[in-house]
Amino acid sequence: MKGNRIIGTGAGYPDQIMTNEDIAKIVDTTDEWITVRTGIKERRIAEEHESTSDFAATASLRACEMAGVDPEEIDLIILATLSPDMLIPATACIVQDKIGAKNAACFDLEAACSGFVYGLACANGMMPEAGIKHALVIGAETLSRVIDWSDRNTCVIFADGAGAALVKHEGGDRGIMSTYLRADGSAPPPWLMVSPGVAYRGPFSEGSGTDFAIRMEGKEVFKFGVKALPDAVIGAAERAGVSIEDIDMVIPHQANIRIIDAGAKALGIDRDKFFVNLDKFGNTSAGTIPLAMDQANREDRLKEGDLLALSGFGAGLTWAGSIIRW
Ligand code: COA
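Below or above, wherever it landed, is the structure these notes cover. (Residues numbered from 1 in each chain as written. Predicted model: local features only at pLDDT ≥ 70, side-chain atom pairs only at ≥ 80, totals over all residues. Heavy atoms only, no water.)

Describing the environment of Gly-163
Then, number 1: The topology assignment puts Gly-163 in strand β7 (residues 160–169).
Then, number 2: Looking at Gly-163, the relative accessible area reads 0%, which means it is buried.
Then, number 3: Once the C-alpha coordinates of Gly-163 and Cys-106 are considered, the two residues, 57 residues apart in sequence, prove to be 17 Å apart.
Then, number 4: Setting aside residues up to four positions removed in sequence, Gly-163 forms contacts with Gly-10, Ala-11, Ala-59, Val-137, Ile-138, Gly-139, Gly-287, Pro-290 and Leu-291. (Helix = DSSP H or I, 4+ residues; strand = E, 2+ residues; numbered from the N terminus. Buried < 20%, exposed > 50% of the residue type's maximum accessible area, 1.4 Å probe, protein only. Contact = heavy atoms within 4.5 Å.)

Have a look at this one:
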């Protein structure tokens, strides 16, 4: 226990809502199919002028405002994303400029849907040893730009949005108790997801549009998620020295309601303890956990001293858990 505590949270996402009915006008699907198979009813989709750094900056400023911290006091910005504004510079640097965090070190991190928890682990490891007192950890995506909008297997699932957590080193017995990071790079593409335009043809090749789109073997990902979600919680709980029964809330990666149901069952944790908002936001990859955390926080669902478990899982394969004493 290093006494690194989340003192502010924020969310940022497009105003534009795309419902299942809207998607059914683009591909051969129905509201019923999407609702039953995924739990998603609607999602936020960026307009042309919007990008990952915009949602990340909004989420960050809201987290700073809640914490009462001036952006100039931030020492570190870690931005987890698989859909950065561009490859160079890091989107974290673009966010730094947008929010005026001129004293922060900045980098991006790519661990797909586990990215936010990976980022939290990095920040926790660096605080306070690397001279970091305030760290901003962001998960942000504009997945609508890397979706093949003719592929009904993926376009019904992925969406845009961001969440941010402001972490402060304050000592004491609240805050991040443990992190547990795992990866398995042996899964053959497109077993989970690749962007073939980038992975196989070289960057910036003649490919564009669907060449750069996410591909997914839905059934295999589903089976992986059902195992990874509980493993991340159990791994983090063991490291924190807490028992599963003591967990007050789980914020899982918001991939699919059926994965969450199965994960709850495998853990033996009451399903009501799982915070879910994928019906409104879909799967925003690195964005889902901090987006949900901000909503839970603002709805006052997290009380001082509560034990919160985070569980992320996704491409890589990667999966990651954390236990936080709120
Ligand atoms: N609308 C209507 N029908 C669809 C559809 C859609 N959007 N997508 C697929 N189908 C069809 C399939 O073509 C198939 O038809 P067939 O039986 O005639 O061949 C049928 O529905 C069943 O497809 P299947 O792939 O077996 O469905 P599923 O129950 O596995 O659900 C997913 C598909 C993608 C929703 C599900 O596999 C899933 O959620 N996987 C995990 C995805 C995930 O969480 N990814 C992110 C991880 S970070």
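Considering the packing of helix α8 (residues 218–240) against helix α9 (residues 257–267)
Then, number 1: Look at α8 against α9: their axes get within 9 Å of each other, and the N-to-C directions meet at 45 degrees. When the axis of α8 is compared with that of α9, the two are oblique. At the point where α8 passes α9, the crossing takes the right-handed sense. Facing Phe-222, Gly-225, Val-226, Leu-229, Pro-230, Val-233 and Ile-234 of α8, the residues of α9 in contact are Arg-258, Ile-259, Ile-260, Ala-262, Gly-263, Ala-266 and Leu-267.
Then, number 2: Of the residues in the contact of α8 with α9, the class split is 11 nonpolar, two polar and one charged. (Axes fitted to C-alpha atoms, helices over the stretch in contact; angles between N-to-C directions. Parallel < 35°, antiparallel > 145°, perpendicular 65-115°, else oblique. Left-handed = near helix turned anticlockwise from the far one by under 90°. Nonpolar A, V, L, I, M, F, W, Y, C, P; charged D, E, K, R; others polar.)

Some remarks on the nonpolar core
Then, number 1: Residues Ile-247, Phe-274, Phe-313 and Ile-323 are the most contacted members of the largest nonpolar core, which totals 44 residues.
Then, number 2: Of all the secondary structure elements, the ones that give two or more residues to this core are α8, α9, β10 (307–314) and β11 (318–325).
Then, number 3: Counting residues per element, this core draws most heavily on α8, which supplies nine residues.
Then, number 4: Lining this core are residues from two domains, each supplying at least three of them: domain 1 (4–173) and domain 2 (177–197 + 205–325).
Then, number 5: Not counting chain neighbours up to four residues away, the residues in contact with Phe-274 comprise Leu-229, Val-250, Pro-252, Ile-260, Ala-264, Leu-267 and Ile-269. (Core = buried A, V, L, I, M, F, W, Y, C linked by side-chain atoms within 4.5 Å. Domains from an automatic or database assignment.)

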